[in-house]
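Fold and geometry: a report
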Amino acid sequence: MKRFINISFLSLVFAGMALTGCNDDLTTSSYVKVNDEDVLGNVSQLEKVLTSAYKQLYFNTDKGDRVYAGLPGFQMYVDASGADVISHTNMGGDQVTAYQYSNSKTQADGNASKIWSMCYNVINRANIILTNVDAAAGDETQKKHIKGQALAMRGIQYFHLIQNYQQTYVIAKSKRGVILRTSSDDESHKGFSTVEEIYTQIVSDLTTAKTLLADYDPDDMWLINSKICSGILARVYLVMQNWDGAYNEAKIVYDQHSQLMTREQYRSGFDDMISGNYAEVVWAMKYTADNNLGGSTQFNFWYNQDASYGEGYADGPIYSFLDYFVDEQFVKLFEETEDRYQFWKRTNNANTEINTKWAFDKYKHYGEDGGSVIQSATRPEVCLMRGAEMLLIMAEAAAQKGNSGEALNLLNRLQAARNATPTTNAGGDALLEDIYVERRKELICEGQAGFYDLVRLQKRLVRIGESTTNPAGHYVWGMQYLNGYNALDPQPIGTLEANDYRFFCQIPQMEILNNDAISESDQNPWSGQ
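Below is a short write-up of the structure. Because the structure is predicted, anything quoted here is derived from the model rather than measured.

1. Observations concerning empty space enclosed by the protein
On inspection of all chains with the given rule, the structure shows seven cavities of 30 Å³ or more. Put simply, the largest cavity is a space of about 280 Å³. Mapped by element, the contributors of at least two residues to the lining of the largest cavity are helix 3 (70-80), helix 6 (140-165), helix 9 (226-240), helix 15 (387-400) and helix 18 (450-456). Split by residue class, the lining of the largest cavity holds 11 nonpolar, five polar and six charged. Here the second largest cavity defines a volume of roughly 90 Å³. As for the second largest cavity, its lining consists of 13 residues, and the residues nearest its centre are Asn304, Gln305, Pro317, Ile318 and His365. Classifying every residue of the lining of the second largest cavity gives six nonpolar, five polar and two charged.

2. Notes on helix 6
Helix length check: helix 6 (26 residues) gives 37 Å between terminal C-alpha atoms against 38 Å at 1.5 Å per residue, within 8%. Extensive coverage of helix 6 is indicated by the burial of 21 of its 26 residues. Near the N-terminus of helix 6, the side chain that reaches the backbone nitrogen of Thr141, with its oxygen 3.1 Å away, is that of Asp139.

3. Quick notes on the side chain of Lys357
In this structure, Lys357 sits in the loop between helix 14 (352-355) and strand 5 (358-360). With relative accessibility at 0%, the residue Lys357 sits in the buried group. Reaching out from Lys357, the side chain makes a polar contact with the backbone oxygen of Gly473 at a distance of 2.6 Å.

What counts as what
Residues numbered from 1 in each chain as written. Predicted model: local features only at pLDDT ≥ 70, side-chain atom pairs only at ≥ 80, totals over all residues. Heavy atoms only, no water. 1 Å grid on protein atoms, 1.4 Å probe; cavity = no way out; pocket = protein on both sides within 12 Å on 5 of 7 lines; lining within 4 Å. Points joined across faces, edges and corners; volume = space filled by probe spheres on them. Helix = DSSP H or I, 4+ residues; strand = E, 2+ residues; numbered from the N terminus. Nonpolar A, V, L, I, M, F, W, Y, C, P; charged D, E, K, R; others polar. Expected span 1.5 Å × (residues − 1). Buried < 20%, exposed > 50% of the residue type's maximum accessible area, 1.4 Å probe, protein only. Polar contact = N/O pair within 3.5 Å; in protein donor to acceptor, adjacent residues only side chain to side chain.

Written out as structure tokens, the structure is:
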């Protein structure tokens, strides 16, 4: 873990703008009202709106923390809802409800609105830019790059929205999607678009952004460029099962980031992605004193504190919630000799709910001066995209296209880089399953596996509960709302079918009340298919 020198974005102050929130921030109507027409007509001022949109994208500074704190929070949310992460209740909060699958995503609960408002917050800022940038005074190249970044952010947020409020694309194209707004001049009362219409807009936004940003080469890794657009498109095409598109876009990125992390880099804590100059990293951002989530990062939630510091929340170099562990079944996926095997059993903590679980230190941050300052600020760097993910997308797409030899070679390339035994399955479902397992192992808590993969792959969520013979299994509160769970079973098992609406959020009640174009009939059920 290396100490970081600030990058420019995070010291920018969004000032000089007449930007205020709306009276009701649960609706999709604009969060940002700009009354000065001179501001809208000036490209340098629109760039400040862009900076504001970036802040919401990365931090969700208006509303959220923990799993709802922008893209870094989503990395926790997506995986805490899967099979591999276990969340203790010692700190309570949103990360526990994401893990539990209770009715916490219903319209009657505040959690239903958090992803909705987080995503539309960015979308509405992007729409202000896109509505006004073409006519604004200023340098044409600057305008083009501002427009490209705004389009990319809009596409990214619609992609998260549609994955969280409706079933997956291949089975739900004609179903109700979300509310598609592409201009700050849109009517406040607007109905839902279909899932297919939303994906069509996502692809359009990202492909146009990719073209507009073709000559944009920023020094800072938090700024969205053409490569990042290709990487997001690869993720989108993977969900859409557009295998050619997924392969081609992922290859564009991988070809420029094919030098995978070394053993030392992978095991260094995932907190120095920028300052470490890791060639594999495509997209990353950094917390600083001016822009941070306090103790709400996943570096604070994982039980990853060196035993030498002690077992208490405040004993280590940063405040640790001692909250996240990994499931016994996940541990079994790894060979102890491979580079990613980073588990150990805690035996010193007096709490048996803790000392029986597998701790995990992929994400480990030592704060100031390499851990010598106890309870220093949490200011890690966060990786949002890297070459290994693109390699796995290429492998999956190649296998789906029938190019099993190439798929096997691509998968083996990653396994060799991680010192894991190469897969020998030559094709078919067995090879695809190996690729999916490798995604779980490689990308845990990077927001790309977890329940997103379960839903897109139409795979049932299966959790194995803690028991006498399996004390490192899932907690009771992570099992009790799942199908088939019986605490009295010798080995309790809980499941959710891939299309169960417990994976998804309901439309916020305030949106339904304030938008005359929609009604309760548009609502998701809170469970079932």
